[in-house]
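So the chains spell out like this:
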Amino acid sequence: MAKTNSTNAAPSKGQKNLFSFFSKKPSAKPVAAASSAVANKSSTNGGDAPTTKNNDNVMTQPKATSLTSRPSSLNSNNNNNNKTPPPLSQLKQLQKITIGTKLAVYWPDDQEYYPCVVTRHRVKADNSGDPGHVYTINYEDGEIETVDLAKEKFRIIGGVKKRTGNHDNNNNHDIAAHGHGNNTNNTKRRRILEDTDDDEEMEFESSSSEEEQNDDGGDTGSEFKMNDDDSLDESLDAADMDVEEEEDADDNWLASEDDDDEEESEKETKKKPKNLKKTNLKITHVGGGGKGNGGNRFVSPTPRKPTGNNAKSSTNANMSTMDFSNFASQSPNPGNSSSKTKSPMNNSSNTTTNNSPLPPTNSNSTKNAPPKPIAGVVNSAGSHLHNHLKFFTTNRKDAHGNPMTHPNYSPRTLQVSFSEIEKESGGKVSPAQKQWWDMKSQHADSVLLFKTGKFYEMFHDDADVGVKVLGFVYMKGTTAHAGFPEAAYDKMLSKLVEAGYRVARVEQTETPDGLKERKKKAPAGQKPQVVCREICSIVSKGTRTFCFLEDASVLESGNGGGNGRGPLLTIKEIMLDDGGDGMMDDEEDETGTKAVCEYGVTIVDAVTGVVTLGQFADDVLRSRMLTLLASFGPSEVLYEKGVNGASKTLISLLKSSCPPNTIIGGLNPVEKFPMSFAVDPNDRRMLERVKSDVHPWDSDEALKEIHRKGYYPRSSRKNEPSSGEEGISRWPEILRSCIQGGATLALQSFGAALYYLQTSLIDAEILSMGIIKPYCPPNNVDSGIDKSAASDHLQDMYSKEAHQIDGRSLVETEKPVEFGTSQVPAPLDSTIFESESNIDHMSLDGRTLTNLEILNNITSGGYQGSLLSKIDATQSPHGSRLLRAWLLRPLFRKVDIDRRADVVEELLGGAVAVAMAEARPLLKKIGDIERLLSRVHSMSGGGGGEGGNEGSHPNDRAVLYEMDKHTKRKVGDFSKLLNGLRAAAEIPDLFANAEIQSPMLEKIVRTTDENGCFPAEMKDRLDWFFDNFDLKKAARGEFEPSRGMDDDYDAACNEIEDIQRELQKYKDEMCSSVLQPRNTARSSWKYINVKEDSKDKYLIELPISVQVPDDFYVKAKRGKGANQVNKYRTPVVEQLVQDLERAIDVKNARKAAGMKLVFAKFDSMRSVWMAAAHATAMLDALGSLAQIASQPGFCRPQIVDCPPSAKPGIEVIQGRHPCVDVTHSGGDFIPNDLILGGKFDPDGSSVLLLSGPNMGGKSTLLRQTCLITILAQVGSFVPAERCSLTPIDRIFTRLGASDRILCGQSTFFVELAETAAAVRGATRRSLVIMDELGRGTSTFDGTAIASATVQHLVERNQCLTLFATHYHSLLEDWKNEPSIRLGHMECVVEDNDDDSEKKSIAFLYTLGEGPCPKSFGVNVARLAGLPDDVLERAKRVSVAFEAEMNGESNNHKIIPSEAEDVVNKIEKLFSQEADVNHSELKRIWEGLQ
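The residue count restarts for each chain, going from 1 along the sequence in the order it is written. It should be noted that, the model being predicted, local features are given only for residues of pLDDT at least 70 and side-chain atom pairs only at 80 or more, the latter also being counted only at that level, while totals for whole chains, interfaces and linings use all residues. Hydrogens are left out, water is left out, and the side-chain values use all remaining heavy atoms of the structure.

A. Spotlight on the overall build of the protein. Looking only at helices and strands, the protein features 42 helices and 43 strands. For every accessible area listed, the method is Shrake-Rupley and the probe measures 1.4 Å; residues are considered covered only by the protein chains on display. Split by element, the accessible area of the protein, about 62700 Å² in all, is 48% carbon and sulfur. Here a helix means four or more residues in a row that DSSP labels H or I, a strand means two or more in a row labelled E, and each is numbered from the N terminus.

Laid out in structure tokens, this is it:
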């Protein structure tokens, strides 16, 4: 058939989805030759029409014409008045044609026959009695044509199938196309061929597939066939795929037929000519794509809407077929409207709330009803079947019957009305449709990737998501439908998860053979009709484990140890009464800190399997929660909903303070636990909760579930503990401590995390790792905020954990210097110094981490530009994570800081430096040991626990078609781990000959037999795995367990060998004593079918001339006469073969689990590998600090003890900002000197009041001082010529200007909140920086607040302070205070003109002594480009205001400090008992004038 292809065709009208070949009905193709991309016929395939290329190098074909325009194959001059009867031979052929007959119609312009099927006979309307020969035919590529076959040249290539039931050959109902009769399931073989052109071709190979007749006429389901050549390139892209697939139509998606139809279909398939086997369909690249598509996408040609007779026949044809694109309706009722409307799916770009494919409510649904879908065409978004289902849109309810307006409404569940579906669709809900809806009802907030064959299908609202996010195009039909192949799962999953969706992967967990067996056992009337499908995983941002189905290469790139993927965080909050709950005294403490709420938190890192528990009280500003959010950067947060759930303050805080794109959602006090769809009741028991209604935030229920599932080993087997503290002695120490210490809130949050992990089907995988750590955010010293026993216990556990992280546990701890209370100055409380002796690290709260850009930059929230990015030169991800942990908790004690700095300095030179240089490439080879250990644990089945979980996970039953690809990933991860650990084992050898001075470094690089950290037996243990696990064979799926690895496997192999010896012995006995003639028997006896996969194993072949006993019975024979050879079976051999087959089954089963056995053996040695991981992480982090120290301009800071009699201080000579290499103008960074406090400042000043012009570098100086301090206490070298300081216990920052609208906090409120944290929490050992405090209010209020704050910091806190201000009156007030030193950032004002307004300012960025006379704001305004008239007006007002403040104006203003002095003098005069000194009073009065 002549066809054309235009590259200018509009994709939206002329093309359909790439995956539209799922549709079992034909795609209606435009008959007129418009510019549409349609199927071309390959001349290389059975004589089909040759393709040509136009000038644009695009594959084209001759133009397709309608019936009236294309020339007849018999007579090109035919017209409607031609009455010439057809030849007799052709008439006989015409009489054979019925509905469903397969033809090959000749197109003369193409000189080719094209296969088609007859779908309708159009009978003449006259009374001649001649029915005529006008038929409607459907071609294989979907084109529909009405043609008079009497005028055409054709061949009959296939007969019509039998019709059953209500199908009648005379009722003019259309029949499905593709060359098959009524609704036949077709096996389609598809391949997308790579092409150098912009277009790609897709081949279809049609063949019949067997169908099994259900007892009730339903289909049995898919038959899975794995061929060696059915593979997909692992690097498959959405725009470059090479797919070859064989898929059987499955389940009851299509109407079924009887067995006779199956047999006839097979016969017709055999008769089908080979030259008509393939049809080529042109695939066209289309630019753009959905959100996150990131490149070109594919769409296939989509027909225009049929018109006239063709429209009618097309509609009928589509209505007669139940297929994928008609998923929800067997008999769709097409509407009249084809107008396009926007999809009702949630299009909000704010991903800080739970993103789910739920449609919004529509209160005006009647007036704004979406248009009805039209069958057989591609419907626009918003006009599909699901858009008309009220239970799915406007009248949506959860499983408890709560509407969306109810406070306890759960978006996770959905009440489904099947009667409404049938009413809207006009047909019955098939078993497969019901299967989909049953899953959707329990996972309504998730996108279902519904597996059919090798493809994941997306239906209804999920298809809307596929179109929106993945750039798909809807398939034809009334039901929204899209999909993609299994091999593209990881790419599509990444896009969906990054867009904020939860993704449920639905796999087929039963084969057709399994379904047949299940049918046999089922009672009549209850026979299953579809293969079992189960949800195997639900993936979200916080639960993504990067399993073997996903490409984890993105995790290999270093990004501060976190790779930009934060953990899952669950929060339980309770509000505290004033002084209630035994938490604090009835009155506020002296500092003004008061606990208003208490939190229990659980943090789950799904990538490494680490779970962190914490419980702490918090103040009104939620300071500690802010610190937690800044430290962990969660990607998904869950809080408790309901009346007693999270406060509005917490929810607003989460929305404003979590990283961008964090998913924030809630869990109700009562939730429905999803039902399992497993066939085995034991599997269902393990996957479901005891009751369907669960309480996620109930700690007792959580403990019972932990006992039931057996995540952790129990301590006693005599009785079954149900809950509480029974049988928990072998549980992880932190969890056990929370239970025994009464950390109820922490356990409640853990219960919510457990519920979420269970519904995501990763609970056993993560919890069975047994890695649980404590967390306590830094707390204000002596604030009285934490007084609960549970919090104290967790704090102790956290300190113990920190000792291991910091490396302090590697060497014998030295006691801090004891100064004694006799050295405490009289004005100070001795308890302060006692508390100092208990501090072991510097505290950095959330505001400080954000303001100083420790982990992320403020501009974009990204990693680049942060302090961590500047010092992270680690080679391994776990080393990077350790360095990040050090940066969050800098050391405080001088001995600890010096010990780490000693290692860094030693790594800079000598033999140790040479060894470290050789070790760094090995550290790079190691990879992420912690993540890989978690993967191996999962692949070993270690998530089974002791509760009988092993084998119950749906993944163990899933039918996957890309197993070769998945096996390669599994083996690849294991190979990385083995090779990485082998590289780690070589590190001690590198340092063996080096003379190491640092005890800490000595401990790290030595083996355990030398009192070091590296396991001494690691090499030997690794050698066993390299010897017994062939990585190359395993990657090809050819792995076999070696002897000694598995007792069951060994026993099966031994039994097979014994049986083979018995068979040989039996042969010898029979040939030597029973068979005649013996010589002939001995020479001709032959066992056949001896391979393990053979049928009729070990048949005995003997010539007919050999005399055999009566128990030899013939199973088969070959040859005739004297040459005949019989194939015998005997009872002895039959019994041995039965035993052999049982042994082979055991062997194969254990062989299939062979890799799992290896992984399990490896996982059992996890403590050894974790010790190596910790040692390499320590060495890597220290090596990174050494790399930074080796840079020019860095020096080792001197840490000075601060006894009670001394003052804290800091001295930085030629210091630079660690993150700023050049100035904004492109010049080199200008260093500065800073001397403040202690013995470094001869004046003893502890506060620097810093002034200077805007943009002069004040904020930079403040920040760099803090960052240098942090680096010094981390143990790093610092960017300065010389640096000395006393250790700082905490840094407080008041920087920048930002509000928290969601929390109802203005910019000025945020300023004061940060100031309040400093004045309440700072000690004499703290460092406080404040930048322009008070600018958010009036000048006088701001000055008053700034002055009072300075006074408090000087007199009460007595801490080191850098205070930048533009309030010159403030400088005047404190210029004579000994504890305060004035400084300014220097600049040069160049007077280039007599006009003062033309002055220019040059910033020197250096710190000078004394105050700055002006802020030069107008000059900076000129640099910013303000209009001249504005600048002129500003200059005049500034000069007048300045004169007024200096007393040069008639409107004299009094400086607040001077006014206070005058008032004091007057009060003193009138307080005297004697008469008032009138002369003195007159002098004061005159002075005021």
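B. Structural detail: the sheet that holds strand β39 (residues 1290-1294). Pairing between strands is defined by DSSP: at least two bridges between the two strands are required. An order of β27-β39-β40-β41-β36-β42-β43 is seen for the seven strands of this open sheet, with the pairing classed as mixed. The open sheet has two edge strands with one neighbour each: β27 (843-844) and β43 (1400-1409). Pairing of strand β36 (residues 1247-1251) with strand β41 (residues 1360-1364) involves four bridges; the strand directions are parallel. Along β41, the bridge assignment pairs Leu1248 with Leu1362.

C. Quick peek at the environment of Asp700. Following the sequence through the fold, Asp700 ends up in helix α13 (residues 699-709). In sequence terms Asp700 and Gly751 are 51 residues apart; their C-alpha atoms lie 8.6 Å from each other.

D. Region of interest: the side chain of Ser760. Among the secondary structure elements, Ser760 is positioned in the loop between α15 (744-759) and α16 (763-767). Under this definition, polar contacts are N or O atom pairs within 3.5 Å; protein pairs additionally need one hydrogen-donor-capable and one acceptor-capable atom, and for neighbouring residues in sequence, both atoms have to be side-chain atoms. One polar contact links the side chain of Ser760 to the main-chain carbonyl oxygen of Tyr756, over a distance of 2.9 Å. Here a residue-residue contact requires only that any non-hydrogen atoms of the pair lie within 4.5 Å. Not counting chain neighbours up to four residues away, the residues in contact with Ser760 comprise Arg502, Ser537, Ile538 and Thr543.

E. Here's a closer look at the sheet that holds strand β22 (residues 636-640). Taken in spatial order, the six strands of this open sheet run β23-β22-β19-β20-β21-β26, and their pairing is mixed. With one partner strand each, in any of the chains shown, β23 (663-667) and β26 (772-774) form the two edges of the open sheet. Neighbour-to-neighbour, the strand axes of this sheet turn through a mean angle of 20°, independent of strand direction. The pairing of strand β21 (residues 610-618) with β26 spans three bridges and is parallel. In the sheet register, Val611 faces β26, and the bridge partner there is Ile772. Helix axes are fitted only over the stretch in contact, all axes being lines through C-alpha atoms; the angle between N-to-C directions runs from 0 to 180 degrees. In the packing of α15 onto the sheet, contacts are made with β19 (568-575), β20 (597-605), β21, β22 and β23, and the angle to β20 comes to roughly 35°.

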